[in-house]
Each structure stands twice: as structure tokens, then as C-alpha cells.
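# Examination of the molecular architecture
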Amino acid sequence: MDLLPVEILEKIFKNLRYSDLKQASAVCQLWHDVYERSTFMSKMVVHFKKELTLETIDLFLRSDCLYQNICFCSIPFYDVAKSKRSICRRDIIYEDNIFINRIRQLLMKFAASLQTLSFCKCHLERNRIFELLEIIPDLKGLEFEECVFAGDITNQPLQLPNLKKFNFKYPEDEIQRYESGHIYDNLAKNHCKLVKIKVQLFVNEMFGDPDSDLWQQVNAVTRLVKSHKQTMKSFKVDSFNDPALKKLIFDDDDLQLEKVIINELKLKDDLVFYDFIKKQKKIKKLEIAIESNIDVNNDQYLKAICENSHQLEQFYYDMSRNTDSGLENLQKLQKLKNLVLTKNRNTIGLTEHCFDHIYMPNLKSLGIYYKELQLPAVRQISISFPNLKALNLSECGKAVTDETTQLIFCSLPELESLDISKCKQITEQAFLGTTRISNLKKLKDLVLEKCDGITDLSLAAFDNPALKSISLAMCTKITNVGWEALCRQCPNITWLNASHCRNFDDQSARIVATMLGELEILNLFKNCSLTNEAVFYFVENCKYLEDLCLTKCRGVKMKKNEYFDDKMNRVNKKCLLLKRKE
């Protein structure tokens, strides 16, 4: 490796995860120098928000770092107040030429590295957005979320031959939805091979007469799916009620999907769904919520899925209309690794024995979002799913108590991720009992949000050197004693969420910054006791810090040009240090 040119090492490093990248940088001086090169490509998403100024753009233009993912949020690419529309529906768009030129320069700078470009709640001029996209022909991902489009509709196709992923969410306003749908038509003419399509259509009763112009956009989506059905592996659509789309997805034998996400699916003929499941033999991930006008429950749907989807590895299922006997079919999914069960309605209640006849030793991750889950069912989890690596019971507040928490610590020693947030029956006794959380020696991720019973004594019992990520948001009883105990017991934490912790002050910041030098992500949202001093502690001590959220921390009075937006880029260390010297 020492004989490889620096350029080759840099290409190798670009494919590493950030945590692995840090370890690689400590191997030798050469590797450390490669890591420190400012031209290194960043995998972070750079968020440009509505406060985007020319000065901020200039900072990125002067930087040598290359970014792969950029998101523009709530940015008016044209001035809405000064733009006009004539009776002939021709738009007169007012643009800031200097601002547009800077955006053009920004995209040209990152054209070689940019992989995904996102626009969220932006005002976009049609011809201008096509012009900007031409700058980055190698783009692989394109996203439009609730954007407003203006200007003349163009028939010009998008020139993005390498595009693989397309996400689109219509704005809430009905007129804006109609005027935004043209993107589908332009994308259908693009000579690329889409692998992943995600759309939110809002095709429901509010969409009006099926013969109206609004349905042209739905038909455009249908044509888009048809043109990419040979390569498309992932499909997600909300409000799946359009007959043309249903016919396309359910009846087309050429469409072989690996990932299917269909919400609010309403069927009048159950056989349509059964035939679809039988044809789609390659599905590895399925997320579905079904409502039938025929069956009184969904047991037959679940049975059909479990008997035919032999390749299924991830399954997100709404069990609102299932019974205990229907859930027993889950154990037929022998390759299933990740299972999420949710229950949004109580039309048919599951009993406390819903897991008694299930045994899935291959399941690695289980999430249950069911507030009415009974205590015996939670106790059964370790028996029915003995080899779990990840467990999420964040919506099971009634069933998760100190007793069941102790049972989890004792019976699932291989857990690597545990989420028991919003479980308000948990007290500090859950962590001070006979079996400590330290029994989970492989635990890396822990979520305890909104657990009012978490105290300083609870954190003192956390003896988990393997712990990398912890969320204690809205745990209001923790003081500096608890933060110091946590940092001492778990020194390798790289991700910490301490938002809405009213006792978290500058002294807490000093403790965390000096004792957790490996921090990468820190969320301090709405901690009003923090001041500028807290920021200085993190900047000086946390050299790997990538994401620092100080939103609504009213005591922090830094100027906009002194540090980048809290979720946009690395903290601008030089400016902060200069400020302190002054």
C-alpha cells in the first residue's frame, strides 16, 4: 500500500465509511496526509437553506472539498413577488442574475463529484432548472419535494443518461400539483435506466373528475413506469388508488421488483393482489398497508405473502386487521431478517398471546409499533425471536416496564440496537436491577427519548464501552453528574442526541466535549442554557465533529457568516477561534 500513488489511495478512501476512514487515517503518516487532503470527496449531504447568501456560496467556491450530495431547501430561485402571469398564462419570471450565476458556478464546481441533487419546497423556473441540470450530466439521483414550478412548459427531455433514482412529491396546493407534473413527461423522454422510483401522487377524492387534466399527470407516471419496467427494482407510491397504475403494477408480467412500498392500498378484488404476489418472485423488501372491501380481516393477505415471497428479507406490515392465527404465517419467511409490525386501527384486536406460536430464529431486527401490545406478548419476544440484533419497542409504552426491560437485558445478550423511547413506565430501577445494561456487551445504539424515569443514577449504571450512539432527548432529569457518568462509562460515543434537555448547559457541554473526543454528530436542539462558550468547547475538542445542531438555542449568538448552518457543513473552526481571541 505504501507504494501506491496518493491518487489511488484517495480513490480507495472515498469508498470507506466515515468511521472506517478515521481508523485508516491513523495507520501511518502517509495515510493520515491523504485523509487530511482538502480535495477529499465528502459523502455528507450539504443543505443549502432559504438563508443562502452569495457569501455562503463563495465559501464553497473557495473550498477544495468536493461534495457528492446537495439539497436546496426553501430557496426562491426566482422572486415570486416581482414575477407576473399574463392572461395568456405566459409567465414573466424575475430572477436575480447574480444569484443564478453563482448557483451555476457552484454546480459546475461539483459537476464531477455530484451524485444526488435535491430540491425541497423551492420556487423553480422550468427552463432554468433544465439549464442547471445540463451542467451535471452524470447525476445519478434527482429529487423534487413540494416544489413550485413557473414559466413556460417545455417539451425538452432531461439530459441525464446515468440517472438511476427519481423521487417526486407534489406540493399540497391542487393548482401547483397540476403545474408540477410536467417533470414526469420530460423524464419519460430521458434515455436512462431508472432503478428506483418514488412518487407521492395525492390521487384521491380531492383529485376531482378522472377525466380532468389533473389525471394527465397520473398517466404520465404510468408511462414513466412502463418505459423503465425492464430495469426498475424499487417502486414506492402513496395513495395508490389510480386504476391505470394498479393495472400496470399488478398485471404487467415484465415488471420484476425487488422493493415494493404501497400505502393505502384499497382493493375490490382480492385475486388481483394474490396474482401479483405470485408473479413477483424477486421481492426482497415489502412495505404494505392493505384495506379490502371483501375480507373482514387481512389474514389471507398475510398468508399469501408468506407462502409466495420466499426471497423476502425486509417486511413492513400493517397488522390492523389481523388475528393471532394470521401472524403465525410469519415464520414461513425463512430468509426474513428485518420485521416491522404496526397497528393503526383496532377493528380486530390481537390478544396477549399473539407471538406464542411463532418461532423465527433467523430474524435479526424487530420493530413493533402497537400501543395496545400486552405485557405477556413482550415477554414472549425473546422466545419467539431468540437471535435478535435490533429491537424497537418505542410505541409499546403500556407493555414496557422495569420488569420487561430487565428481561430484555437478561434474555437478549446479543442485542446491538435497542429503542425503548416513549416508554414512560420505565424508572431508574430498570437499570439498577439484578441484570444491568452492561450485560448487552455488543450494544452500539440506544434510544431512550421521552423516558422521564431516566436519572443520573441510571446513566451511572451504563458500563458499555461498545456504545456508539445514544439518544436522551427530552430526558429532563439528567444533570451534569449524569452526563459525566455517561461519558466516563461509554467513552466511545460518536452520536449523541441531547435535545430538549433543559439542564444541559455550558458546563455539560464542557464535560461532553472533553470526554467524548470522537463525537461526529451532536444534537442540542432547544437547549436554551447554552451560550457561545459551548460552541467553542466542541470546536476545540471534537476534531471529528460533522453535524452540530444548535437550532433554537437562544443563548448562542454567533453570526451567520461565522459558522455554516448547523446541518449544512463542518463547523467553521477558524472563524470561531478568531472570534474567541477577539
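Residues numbered from 1 in each chain as written. Predicted model: local features only at pLDDT ≥ 70, side-chain atom pairs only at ≥ 80, totals over all residues. Heavy atoms only, no water.

So, on to the overall build of the protein. A tally of helices and strands in the protein yields 21 helices and 23 strands. Here the protein holds 582 residues, and 50% of them are scored as buried. Of the roughly 26,900 Å² of accessible surface on the protein, a fraction of 50% belongs to carbon and sulfur atoms. (Helix = DSSP H or I, 4+ residues; strand = E, 2+ residues; numbered from the N terminus. Buried < 20%, exposed > 50% of the residue type's maximum accessible area, 1.4 Å probe, protein only. Areas by Shrake-Rupley, 256 points an atom, 1.4 Å probe, with all protein chains shown as cover.)

Structurally, the position occupied by D419 is in strand β18 (residues 417-419). The side chain of D419 is buried and forms no salt bridge, while K422, the nearest opposite charge, is found at 8.2 Å. Once residues lying within four places of it in the same chain are set aside, the contact partners of D419 are L391, N392, L393, S394 and V447. (Lys, Arg positive; Asp, Glu negative; His and termini not counted. Salt bridge = Lys/Arg side-chain N within 4 Å of Asp/Glu carboxyl O. Contact = heavy atoms within 4.5 Å.)

Bringing helix α4 (residues 54-62) into the picture now. Taken together, the buried positions of α4 are T56, I57 and F60. Buried residues along α4 cover an arc of 100° about the axis, so they all sit on one side. Counted as exposed and oriented over 90 degrees from the buried face of α4: E55 and R62. (Arc of directions from axis to C-beta.)

Across all of its chains, the model carries 12 salt bridges by this definition. Residue K169 is joined to E146 by a salt bridge in which the shortest nitrogen-to-oxygen separation is 3.3 Å. Placement of K169 in strand β9 (residues 165-169) and of E146 in the loop between β7 (141-145) and β8 (148-150) is noted, with a sequence separation of 23 residues between them. Using a relative accessible area of 23% as the deciding quantity, one classes K169 as partly exposed.

Positive charge collects at one region of the surface, where K233, K282, K284 and K335 lie side by side. Positionally, K335 belongs in the loop between α13 (324-327) and β15 (338-342). For K335, a relative accessible area of 43% translates into the label partly exposed. (Patch = residues over 30% accessible without salt bridge, like charges linked within 9 Å, V, L, I, M, F, W, Y side chains within 5 Å. Charge placed at Lys NZ, Arg CZ, Asp CG, Glu CD.)

This paragraph deals with the nonpolar core. In this structure, F72, F77, F144, F315, F355 and F538 are the most contacted members of the largest nonpolar core, which totals 153 residues. Setting aside anything within four residues of it in sequence, one finds F77 in contact with F72, E95, F99, I100, I103, F119, C122, H123, L124 and L132. Ranked by size, the runner-up nonpolar core spans five residues in total, among them F13, A24, W31 and V34. (Core = buried A, V, L, I, M, F, W, Y, C linked by side-chain atoms within 4.5 Å.)

Looking at the element boundaries, T551 is found in the loop between β23 (547-549) and α21 (573-581). Exposure remark for T551: the relative accessible area of 29% places this residue in the partly exposed category.

Here the focus is the packing of helix α19 (residues 506-515) against helix α20 (residues 532-541). Contact geometry for α19 and α20: axes closest at 9 Å, N-to-C directions at 5°. On the basis of the axis angle, α19 is roughly parallel to α20. Together, D506, A509, R510, V512, A513 and T514 of α19 and E533, A534, Y537, F538 and N541 of α20 make up the contact between the two elements. Taken together, the residues that form the contact of α19 with α20 break down as six nonpolar, two polar and three charged. (Axes fitted to C-alpha atoms, helices over the stretch in contact; angles between N-to-C directions. Parallel < 35°, antiparallel > 145°, perpendicular 65-115°, else oblique. Nonpolar A, V, L, I, M, F, W, Y, C, P; charged D, E, K, R; others polar.)

Let us now look at the pairing of strand β16 (residues 365-369). Pairing geometry for β15 and β16, over five bridges, is parallel. Bridge assignment links V340 to a residue of β16, and that residue is G367. Crossover handedness for the path β16 to helix α14 (residues 375-384) to strand β17 (residues 390-392): right-handed. (Pairing = 2+ DSSP bridges. Right-handed = clockwise from strand over helix to strand, strands pointing away.)

This part is about helix α15 (residues 402-411). D402, T404, T405, Q406, I408 and F409 are the residues of α15 that are buried. On the buried face of α15, the contacting elements are α14, β17, β18 and α16 (429-432).

Okay, the packing of aromatic side chains next. One pass over the full model with this rule turns up 16 aromatic pairs. Ring centres 5.7 Å apart and planes at 80° place the aromatic pair F355 and F385 in the edge-to-face group. Separated by 30 residues along the polypeptide, F355 in the loop between β15 and β16 and F385 in the loop between α14 and β17 bring together distant segments of the chain. The residues F355 and F385 share a single accessibility class, namely buried. A centroid spacing of 5.2 Å and a plane angle of 75° characterise the contact between W483 and F504, whose relative ring orientation is edge-to-face. One end of the pair, W483, is in helix α18 (residues 480-489); the other, F504, is in the loop between β21 (495-497) and α19, and 21 residues separate them in sequence. Residue class for F504 comes out buried when judged on its relative accessible area of 0%. By the ring-pair criterion, three or more aromatic residues cluster together here, those being F72, F77, F99, F119, F144, F149, F166 and F168. (Phe/Tyr/Trp six-rings, centres within 6.5 Å; stacked < 30°, edge-to-face > 60°.)

Turning next to the confidence of the model for the protein. Across the protein, the average pLDDT comes to 80, with 78% of residues at 70 or higher. Every residue in residues 203-208 scores below 50 in pLDDT, and together they form 15 contacts with partners more than four places removed in sequence or on other chains. Scored below 50 in pLDDT, residues 560-582 shows 50 contacts in the model against residues more than four places distant or in partner chains. (pLDDT = per-residue confidence, 0-100.)

One way to put it is that helix α5 (residues 97-109) packs onto helix α6 (residues 126-133) with a least axis distance of 10 Å and a crossing angle of 30°. Of the possible angle classes, the one that applies to α5 and α6 is roughly parallel. Packed against α5, whose contacting residues are I100, I103, R104 and L107, the element α6 presents R128, E131 and L132 at the interface. In terms of residue class, the contact of α5 with α6 is built from four nonpolar, no polar and three charged.

The next subject is the pairing of β7. Pairing of strand β5 (residues 116-120) with β7, which is carried by five bridges, proceeds in the parallel orientation. Pairing of C120 across the sheet is with E145, part of β7.

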